[in-house]
Amino acid sequence: MQETEMNGIWRKVIDRLSGEISEVSLKTWILPMKPVYADEKTFVLSVPDSFSYSNAIQWKNLIRNTFTVVCSRDYEIDIGVSGSQEIVDALRRQNTPLSPTQVEDHPRVSSQMNPQYTFDSFVVGSGNRFAHAACVAVAEKLGGRNYNPLFLYGGSGLGKTHLMHSIGNYVTQRHPEKKVVYVQCEQFVNEFISAIKEIAYDEFREKYRSADLLLIDDIQFIEGKEQMQIEFFHTFNALHESGKHIVMTCDKPPQSLASLEERLRTRFSSGLIVDIQPPDYETRVAILKRRAQLNNVNVPEDVLDYISANIATNIRELDGAFNTVLAYSLLAGSIDLEVATAALKDIIQPKPARQITAQIIMDVVSRYYNVTVNEILSNRRSQDITVPRQIAMYLCRFVLNMTFPKIGEEFGGKDHTTVIHACNKVSADLNSPNSSLSKDIEELKKRLII
Ligand code: ADP
Ligand code: MG
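Residues numbered from 1 in each chain as written. Chains lettered and ligands numbered in written order. Predicted model: local features only at pLDDT ≥ 70, side-chain atom pairs only at ≥ 80, totals over all residues. Heavy atoms only, no water.

Visitor: Just to check I follow, could you spell out the domain arrangement of the protein for this structure?
Guide: Interface size is commonly expressed as the accessible area that is lost once the parts come together. According to the domain assignment, the protein contains domain 1 (1-106), domain 2 (109-277), domain 3 (281-343) and domain 4 (358-449). When each unit is reduced to the centre of its C-alpha atoms, the spacing between domain 3 and domain 4 is 22 Å. For the pairing of domain 3 and domain 4, the buried interface totals around 1,000 Å² over both sides, and the portion due to carbon and sulfur atoms is 49%. Together, Tyr-281, Asp-302 and Asp-305 form the three largest contributors to the area buried by domain 3 at its contact with domain 4, with a combined 36%. Here Asp-305 ties to Lys-445 by a salt bridge, and the two come within 3.3 Å at their closest N and O atoms. (Domains from an automatic or database assignment. Buried area = accessible area lost by both parts, 1.4 Å probe. Salt bridge = Lys/Arg side-chain N within 4 Å of Asp/Glu carboxyl O.)

Visitor: Even after reading the chapter, I still don't get the side chain of Asn-128, so can you show me in this structure?
Guide: Of note, Asn-128 is situated in the loop between helix H6 (100-103) and helix H7 (129-140). For Asn-128, a relative accessible area of 5% corresponds to the buried category. Excluding residues that lie within four positions of it along the chain, Asn-128 makes contacts with Phe-122, Val-123 and Ile-276. (Helix = DSSP H or I, 4+ residues; strand = E, 2+ residues; numbered from the N terminus. Buried < 20%, exposed > 50% of the residue type's maximum accessible area, 1.4 Å probe, protein only. Contact = heavy atoms within 4.5 Å.)

Visitor: Even after reading the chapter, I still don't get the environment of Asp-336, so can you show me in this structure?
Guide: Position of Asp-336 among the secondary structure elements: in the loop between helix H15 (315-332) and helix H16 (337-343). Note on Asp-336: relative accessible area 31%, which makes it partly exposed. With 34 residues separating them along the chain, Asp-336 and Asp-302 place their C-alpha atoms 8.0 Å apart. Excluding residues within four positions of it along the chain, Asp-336 makes contact with Pro-300 and Val-303.

Visitor: What exactly am I supposed to notice about the packing of aromatic side chains here?
Guide: Two aromatic rings are characterised by how far apart their centres lie and by the angle between their planes. Applying the stated rule across the entire model yields 17 aromatic pairs. Where Phe-192 meets Phe-204, the ring centres are 5.5 Å apart and the plane angle is 50°; that geometry is what we call tilted. Within this pair, whereas Phe-192 is found in helix H9 (residues 185-197), its partner Phe-204 is found in helix H10 (residues 201-209), the two being separated by 12 residues in sequence. Among the residues examined, Phe-204 registers a relative accessible area of 5% and is labelled buried. With a centroid separation of 6.1 Å and 75° between ring planes, the pair formed by Phe-232 and Phe-236 is classed as edge-to-face. One end of the pair, Phe-232, and the other, Phe-236, are both in helix H11 (residues 226-241), four residues apart, so they sit about a helical turn from each other. When its relative accessible area of 1% is taken as the criterion, Phe-232 is described as buried. (Phe/Tyr/Trp six-rings, centres within 6.5 Å; stacked < 30°, edge-to-face > 60°.)

Visitor: Before we go on, may I ask you to explain unusual backbone geometry in this structure?
Guide: Across the chain, the bulk of peptide bonds are trans and the bulk of non-glycine residues have phi less than zero. For the bond from Asn-148 to Pro-149, the omega torsion is 0°, close enough to zero to count as cis. Structurally, the position occupied by Pro-149 is in the loop between H7 and strand E4 (150-154). At Ile-199, a position not held by glycine, the phi torsion is positive, near 50°. Take Ile-199: its relative accessible area is 76%, and that puts it in the exposed class. Here the phi dihedral of Asp-218 falls at roughly 60°; this positive angle occurs in a residue that is not glycine. Take Asp-218: its relative accessible area is 25%, and that puts it in the partly exposed class.

Visitor: Sorry if this is basic, but what is going on with the pattern of salt bridges here?
Guide: Pairs can form between side chains of opposite charge whenever their charged atoms are close. This structure, assessed with the given rule, holds 21 salt bridges. Put simply, Glu-375 and Arg-380 hold a salt bridge, and the shortest N to O gap is 3.4 Å. According to the relative accessible area criterion, Glu-375 is partly exposed, its value standing at 22%. Judged by its relative accessible area of 44%, Arg-380 is partly exposed. Among the ionic contacts, a cluster of salt bridges with common partners joins Glu-223, Asp-251 and Lys-252.

Visitor: In this structure, what is going on with helix H1 (residues 3-18)? I would like to understand it.
Guide: An α-helix turns once per 3.6 residues; consequently, residues spaced three or four apart project the same way. When the terminal C-alpha atoms of H1 are compared, their 22 Å separation across 16 residues agrees well with the 22 Å that a helix rising 1.5 Å per residue should span. Residues Met-6, Ile-9, Trp-10, Val-13, Ile-14 and Leu-17 constitute the buried set of H1. Buried residues of H1 fall within an arc of 140° about the axis and therefore sit on the same side. Exposed positions of H1 whose direction lies more than 90 degrees from the buried face are Thr-4 and Lys-12. (Expected span 1.5 Å × (residues − 1). Arc of directions from axis to C-beta.)

Visitor: For this particular structure, what's the right way to read the sheet that holds strand E2 (residues 42-47)?
Guide: Adjacent strands of a sheet form backbone hydrogen bonds with each other and so pair up, either parallel or antiparallel. Taken in spatial order, the three strands of this open sheet run E1-E2-E3, and their pairing is mixed. With one partner strand each, in any of the chains shown, strand E1 (34-38) and strand E3 (76-81) form the two edges of the open sheet. Along the sheet, successive strands turn relative to each other by an average axial angle of 30°, direction set aside. Pairing of E1 with E2 involves four bridges; the strand directions are antiparallel. Following the sheet pairing, Ala-38 is matched in E2 by Phe-43. On top of the sheet, helix H4 (residues 60-71) reaches E2 and E3; it is set at about 135° to E3, its chief contact. (Pairing = 2+ DSSP bridges. Axes fitted to C-alpha atoms, helices over the stretch in contact; angles between N-to-C directions.)

Visitor: Please explain the nonpolar core as it appears in this structure.
Guide: Among soluble globular proteins, nonpolar side chains are generally buried collectively. Ranked by internal contacts, the top residues of the largest apolar core, which has 53 residues, are Ile-307, Ile-361 and Leu-395. Residue contributions to this core peak at eight residues, all from helix H19 (residues 383-398). A domain-level breakdown of this core finds at least three residues from each of domain 3 (281-343) and domain 4 (358-449). Setting aside residues up to four positions removed in sequence, Ile-361 forms contacts with Ile-356, Ala-392, Leu-395, Cys-396, Leu-400 and Leu-448. (Core = buried A, V, L, I, M, F, W, Y, C linked by side-chain atoms within 4.5 Å.)

Visitor: Is there a simple way to think about the site of ligand 1 in this case?
Guide: Around ligand 1, the structure places 18 residues, and the nearest of them are Val-123, Gly-157, Lys-160, Thr-161 and His-162. Between Asn-128 and ligand 1, the recorded distance is 3.3 Å, taken from a side-chain N or O atom to a nitrogen atom. At 2.8 Å, a side-chain N or O of Thr-161 approaches an oxygen atom of ligand 1. Burial of ligand 1 by the surrounding chains reaches 92%, relative to a free accessible area of 560 Å². Elements that contribute at least two residues to the shell around ligand 1 include exactly helix H8 (160-174), helix H13 (281-294) and H15. The class makeup of the residues in the shell around ligand 1 is six nonpolar, eight polar and four charged. Counting residues domain by domain, the shell around ligand 1 receives three or more from each of domain 2 (109-277) and domain 3 (281-343). (Near = heavy atom within 4 Å. Polar contact = N/O pair within 3.5 Å; in protein donor to acceptor, adjacent residues only side chain to side chain. Areas by Shrake-Rupley, 256 points an atom, 1.4 Å probe, with all protein chains shown as cover. Nonpolar A, V, L, I, M, F, W, Y, C, P; charged D, E, K, R; others polar.)

Here you go:
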């Protein structure tokens, strides 16, 4: 089957699925799949790594059924990991030129860890610089008293798990002989409970006490679980005394963990405690740029700005918003600010604490640029007035989602074509290299919200 036909069918399948499964599932599991080969009977999809694979196969039946609906006939669906022999063969059958990464063997990674969570893919910024440095230090020099234990805490979606897996992946790659054990605290607790029930306590003990590096994610799960705390206390001591490394993540600092045995709190605090803070605007933009690069898409600056300026709390949400925009643009056939605003209309509400109006925008912008509102409303064409006027119009369009004619009306009865021109001009400036405009826009948005 021709590649365009194959891609067309896949797009229709995605389209259909998008109405049937949650947006999160679509973004996380379906969109990363790429069609690599198709004939009358078979459709082969690749997924980026073995981590995605184990999840992707759960969708196989649904995907097959959707193909049946979309194409009115049955297809056999094969899913393989990118770079695997199966996918390389499929690409050859499809006559697709192979890029080096497609034939390269995948690096050895422990299956417990997400291979995509590495130091390389982690964007360092002011909020996570120290945490990142501490994790690199631990990964490079395991054991002993060097930052041991490392206690990493911070809010949800800020990269704790990513950093923890980065340490695990780093150590597994460089020191295959070392035993790295990664566990979600919840799983740790469940394993402990069933070990006791099934009288398999020795196995449990052996698994955790033989680790050279023990990574326990979301340790807050141990709060209030007394028996578990005692067990963990012993595991902790056994490892620590024999110079093995322990890294924990938590959603709060040790002193805020409720009903935690005091001796455990002391242990947690005996190494290095580092926090991770929400990313600043620059880091958010940098993360999105990296995502765009990884996805091989060209995303205009104003779209990056729009997402980064509006989603500030957490990187998971930032990712989610970005993926939503990508999913939309796939269907829309282009990626621009209009598509982004439409894609995120449910996530980014143009009404923060106070109700922003065109008046407020003009007021804030005029003060920022040291002109008067009357000058903005006027028809004067001098540069020092047109720039703020155009920016105010742009903000009305993309912060308030006002229509072009409505904006014209609010700005002293200007024609809608003037408004369109203004918005395009500002978008173009935002996209031009070395433009300092995105900083101004970001600052103005901040002032509007406060
Ligand atoms: P936490 O464990 O703190 O809740 P995660 O580590 O699961 O957060 O991060 C949420 C998502 O954001 C993951 O997909 C992760 O890869 C991504 N992420 C977080 N911080 C960064 C960063 N600094 N650079 C790149 N991606 C990041
Ligand atoms: Mg986590």
